[in-house]
Amino acid sequence: MNGFSTLVIFLTVSELALLLLVVLFFSRLRRSEELLARLQKNQDALLKKLDFNAKLEQELVGSFQRRQAELTDLDQKLEERSRQLEKLVRKAEEFTRSPDFLRQVIVNGARRGQSPQALAKATGLSLDEVELILTRQG
């Protein structure tokens, strides 16, 4: 073998080694592109999920604000109703303490057969007052 054939063999082996390196480089490049495509796809999916979560959060905040407004409105209505009921209770107490009402209760109770002691206890009057009312009515 002369120097020329050695040089041809060396160049052929070198070309084959370079060809192998190029094939390896492109196969790695293809894998890297596939990985990059998968990452991009995953990133798109993540962005869609984040967008969905943001919309869902906005809906929840909106719903919470509406419910808070409804609760505030209901609280105001409840307070107004409470004031009205307190007024009615005061009027009822005034009415039940009126002499005409007490007289009516005592007379009706006596007609039903209740004793003067029971009527005095029920109305908060003394036994003498109950008996006086019954004698005036009788």
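Residues numbered from 1 in each chain as written. Predicted model: local features only at pLDDT ≥ 70, side-chain atom pairs only at ≥ 80, totals over all residues. Heavy atoms only, no water.

Per the secondary structure count, the chain includes four helices and zero strands. If you list the helices and strands of the chain from N to C, you get α-α-α-α. For the chain, whose C-alpha radius of gyration is 50 Å, the value lies well above the compact-globule estimate of 14 Å for 138 residues. When its C-alpha atoms are laid out on the principal axes, the chain stretches across 155 × 25 × 20 Å. Expressed as a percentage of the 138 residues in the chain, the buried residues total 8%. Summarising the internal contacts of the chain: among those between residues at least 6 apart in sequence, 26% fall at separations of at least 24. (Helix = DSSP H or I, 4+ residues; strand = E, 2+ residues; numbered from the N terminus. Rg over C-alpha atoms; globule rule 2.2 N^0.38 Å. Buried < 20%, exposed > 50% of the residue type's maximum accessible area, 1.4 Å probe, protein only. Contact = heavy atoms within 4.5 Å.)

Our next topic: the domain arrangement of the chain. Its domain assignment divides the chain into domain 1 (41-88) and domain 2 (98-137). Averaged C-alpha coordinates put domain 1 and domain 2 at centres separated by 57 Å. (Domains from an automatic or database assignment.)

Each aromatic ring pair is described using two quantities: the centre-to-centre distance and the angle formed by the ring planes. Summed over the entire model, instances satisfying the criterion amount to one aromatic pair. Measuring from centroid to centroid gives 5.5 Å for Phe25 and Phe26, while their planes differ by 75 degrees, and the two rings are edge-to-face. (Phe/Tyr/Trp six-rings, centres within 6.5 Å; stacked < 30°, edge-to-face > 60°.)

On to a nonpolar patch on the surface. A cluster of nonpolar side chains, Leu18, Leu20, Leu21 and Leu24, forms an exposed patch at the surface whose accessible area comes to about 410 Å². Assignment of secondary structure puts Leu21 in helix H1 (residues 3-96). (Patch = residues over 30% accessible without salt bridge, like charges linked within 9 Å, V, L, I, M, F, W, Y side chains within 5 Å. Areas by Shrake-Rupley, 256 points an atom, 1.4 Å probe, with all protein chains shown as cover. Salt bridge = Lys/Arg side-chain N within 4 Å of Asp/Glu carboxyl O.)

Here we come to the environment of Gln117. Within the secondary structure, Gln117 is located in helix H3 (residues 116-123). The exposure class assigned to Gln117 is partly exposed, which follows from its relative accessible area of 49%. The spacing of Gln117 and Leu127 is 10 residues in sequence and 6.1 Å in space, taken between C-alpha atoms.

With that out of the way, let us pick up helix H2 (residues 99-111). Its 13 residues place the ends of H2 18 Å apart at the C-alpha level, agreeing with the 18 Å of an ideal helix rising 1.5 Å per residue. Residues of H2 that are buried: Leu102, Ile106, Val107 and Gly109. Along the axis of H2, the buried residues cluster in a sector spanning 165 degrees; they form a single face. Of the residues in H2, the exposed ones pointing more than 90 degrees away from the buried face are Asp100 and Arg111. Of the surrounding secondary structure, the elements contacted by the buried residues of H2 are H1, H3 and helix H4 (127-137). The first or second residue beyond H2 is Gly113, which carries a positive phi of 95 degrees. (Expected span 1.5 Å × (residues − 1). Arc of directions from axis to C-beta.)

Right, let's talk about the UniProt feature "transmembrane region" (unreviewed entry) in the chain for a bit. Following the UniProt record, one finds the feature "transmembrane region" (unreviewed entry) at residues 6-26. Secondary structure over residues 6-26 splits into 100% helix and 0% strand, and the C-alpha atoms at its two ends are 30 Å apart. (UniProt positions renumbered as here; feature names shortened; annotations may be inferred.)

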